Structures are given as C-alpha cells and as structure tokens.
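Here are the chains, one letter per residue:
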Amino acid sequence: MANILVVDDEHGIRDLLWEILNDEGHNVELAENAAQARAARTRERPDLVLLDIWMPDTDGVTLLKEWSSSGVLTMPVIMMSGHATIDTAVEATKIGALAFLEKPITLQKLLKAVEQGLARSSLNKSLAAAAAPRPLVAPVETMGYVQPVVAGPVEAGLQASQNFLLDKPLREARDEFEKAYFEYHLSRENGSMTRVAEKTGLERTHLYRKLKQLGVDLTRGKRNGI
C-alpha cells in the first residue's frame, strides 16, 4: 500500500481518483489547492503525487517548480490537465514531473501511470538507502576489527552492503545497482517472487518484467539449498 496525494480543484475528479486508488489498496490524501498540497506534502510525505495543472490560487507547474527549487521534490509527480498544451507538458517534465495525463483520464492510463510512479518511488528510496551511511547492526568484534552480521542465509557475494563504481553512465550504474538489489532479495527470500514483490513494493507482473529486463537469474536462491 502506498501513500498517494491527489491535488485537483474539481471535487468530482478528486472523489473519482480517491475511489479508484482506494480500491487499489492505496492510502489517498486529497487537496483542492496548492496550500493544502503543501501541507499534505509536509504531513504525509507521499510516495506519489497526482497534480492538476490548472488551479485557482497557484497552478500545478508553479507548485512543481517550488518543490523542485526548495529540494522537496523527492517523490514522483504525475501532472494532469484537460487544457494544457504540449509546451506545458514538456516544461513540467523538464522541471521534474514523471509523466503527464490528459483529462478525461482513462482507467487504464491512470493505473499504468501510478504503477510506473510507484516503481520509481521504490527505486528512489532504495538508492537513497544505499547511499546513506548506516550504522552496523549487531556488530561482532573479531581479532580487533568489526564486521556486520547479515541476518539469514545469503548466497556468497550477495551482501547487504556492496560497492558500486560511479564513474560510468547513469543508466549502466542504475542497472548494475538494480540487478544486485533484486538478486540479493531473491536470495534472501529463497526465490519467492511473492515475497520479493512484497519486500520491494512492486506488483508481481511488473517485478517479473523488470527481472527479465535486467537479466536476473530467476533460479537464484533456489540452488544449492539456499
């Protein structure tokens, strides 16, 4: 279940999106203007924001710029509008919006965009967690040095902490991290796609496509009794 913030000045659209996303099992917060959106962003720290462009007080693009310039655009944002031009959509994407949905929004396009947004949110959190310095958990002192203890059986080479070379194109570095990330969890969960999906916050179909795309060995964790 994800926390999703819906920002739209139209009552009917807010209610419709709440109903759809709530039925999908998400926790949905509603805001009808930029002021409420700012407060909800601070209070709830959403995993994803659906943001209308045309609003009476502050338009969505201006709010997106505000979040970006102040360093709080830490979540994927999907822009929505029934009147925006291509230039507006391009501008929003350059600022940091993940996608643009044109109203009236079809159910299929909405759910696909939300799925992609939450996948990006999960990846961002994983990258942030990997980059952040973390204290050792349950350290064991051995012959004058300290080594971390990794809970549970993990295949050799698949440790919770790994080093990645950053002197390479972003796509290659990201793919390398994602492959190591999923291989680690597959090993920890004995190859169970269901448990890995729960751990990573991805829908199973999307997870399977992602693993195939990265070239992850789906039998990992089931070999050698692991």
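Predicted, not measured: the structure shown is a model, and the values here were computed from it. (Residues numbered from 1 in each chain as written. Predicted model: local features only at pLDDT ≥ 70, side-chain atom pairs only at ≥ 80, totals over all residues. Heavy atoms only, no water.)

Enquirer: Describe unusual backbone geometry, naming the residues involved and giving the relevant values.
Expert: Across the junction of Lys103 and Pro104, the peptide omega takes the value -5°, indicating a cis bond. Within the secondary structure layout, Pro104 lies in the loop between strand S5 (99-102) and helix H5 (107-131). One non-glycine residue with positive phi stands out, namely Arg45, at about 50°. By the element assignment, Arg45 lies in the loop between helix H2 (34-44) and strand S3 (48-52). (Helix = DSSP H or I, 4+ residues; strand = E, 2+ residues; numbered from the N terminus.)

Enquirer: Describe the nonpolar core, listing the residues and the values that go with them.
Expert: With 20 residues, the main nonpolar core has Val7, Val49, Leu51, Leu64, Trp67, Val77 and Met79 as its most contacted residues. With 4 residues, the single largest contributor to this core is helix H3 (residues 60-69). Each residue touching Trp67, except ones within four places of it in the same chain, is listed here: Ala37, Arg38, Arg41, Val49, Leu51, Val72, Leu73 and Met75. Formed by 16 residues, the second largest nonpolar core is a distinct cluster that contains Ile4, Leu21, Leu101 and Val114. (Core = buried A, V, L, I, M, F, W, Y, C linked by side-chain atoms within 4.5 Å. Buried < 20%, exposed > 50% of the residue type's maximum accessible area, 1.4 Å probe, protein only. Contact = heavy atoms within 4.5 Å.)

Enquirer: Would you mind going over a negative patch on the surface in detail, with residue names and values included?
Expert: Side chains of Asp15, Glu19, Asp23 and Glu24 sit close together on the surface and give a patch of like negative charge. Within the secondary structure, Glu19 is located in helix H1 (residues 11-23). By relative accessible area, which is 45% here, Glu19 ends up partly exposed. (Patch = residues over 30% accessible without salt bridge, like charges linked within 9 Å, V, L, I, M, F, W, Y side chains within 5 Å. Areas by Shrake-Rupley, 256 points an atom, 1.4 Å probe, with all protein chains shown as cover. Salt bridge = Lys/Arg side-chain N within 4 Å of Asp/Glu carboxyl O. Lys, Arg positive; Asp, Glu negative; His and termini not counted. Charge placed at Lys NZ, Arg CZ, Asp CG, Glu CD.)

Enquirer: Go over the packing of aromatic side chains, please, and point to the residues and values.
Expert: In total, this model carries 2 aromatic pairs according to the counting rule given. Ring plane angle 25° and centroid distance 5.9 Å describe the contact between Phe177 and Tyr181, whose orientation is recorded as stacked. Here the residue Phe177 and the residue Tyr181 both occupy positions in helix H6 (residues 170-188), the gap between them amounting to 4 residues, near one helical turn. Residue class for Tyr181 comes out buried when judged on its relative accessible area of 19%. Grouped by ring-pair contacts, the aromatic residues Phe177, Tyr181 and Phe182 constitute a single cluster. (Phe/Tyr/Trp six-rings, centres within 6.5 Å; stacked < 30°, edge-to-face > 60°.)

Enquirer: Requested: an account of the pattern of salt bridges, with residues and values cited.
Expert: Within this structure, the stated rule accounts for 11 salt bridges. For Glu32, the salt bridge goes to Arg14, with nearest N and O atoms at 3.9 Å. Here Glu32, found in the loop between strand S2 (27-31) and H2, pairs with Arg14, found in helix H1; they are 18 residues apart in sequence, far enough to count as distant. By relative accessible area, which is 37% here, Glu32 ends up partly exposed. Across the pair Glu29 and Arg43 runs a salt bridge whose closest N-O atoms are separated by 2.5 Å. A residue pair is termed long-range when its members are at least 10 positions apart, and Glu29 in strand S2 and Arg43 in helix H2 qualify at 14 residues. One network of salt bridges, with partners in common, ties together Asp8, Glu10, Asp52 and Lys103.

Enquirer: Residue-level account of empty space enclosed by the protein, with values.
Expert: By the definition in use, this model includes 1 cavity of 30 Å³ or more. Each pocket or cavity is described by its volume, and for the largest cavity that value is around 30 Å³. Taken together, Asn3, Ile4, Asn27, Val28, Glu29, Glu44 and Pro46 make up the full set of residues lining the largest cavity. Within the residue set of the lining of the largest cavity, elements represented by two or more residues are strand S1 (3-7) and S2. In terms of residue count, the dominant contributor to the lining of the largest cavity is S2 (3 residues). Each residue belonging to the lining of the largest cavity can be placed in one class, and the counts come to 3 nonpolar, 2 polar and 2 charged. (1 Å grid on protein atoms, 1.4 Å probe; cavity = no way out; pocket = protein on both sides within 12 Å on 5 of 7 lines; lining within 4 Å. Points joined across faces, edges and corners; volume = space filled by probe spheres on them. Nonpolar A, V, L, I, M, F, W, Y, C, P; charged D, E, K, R; others polar.)

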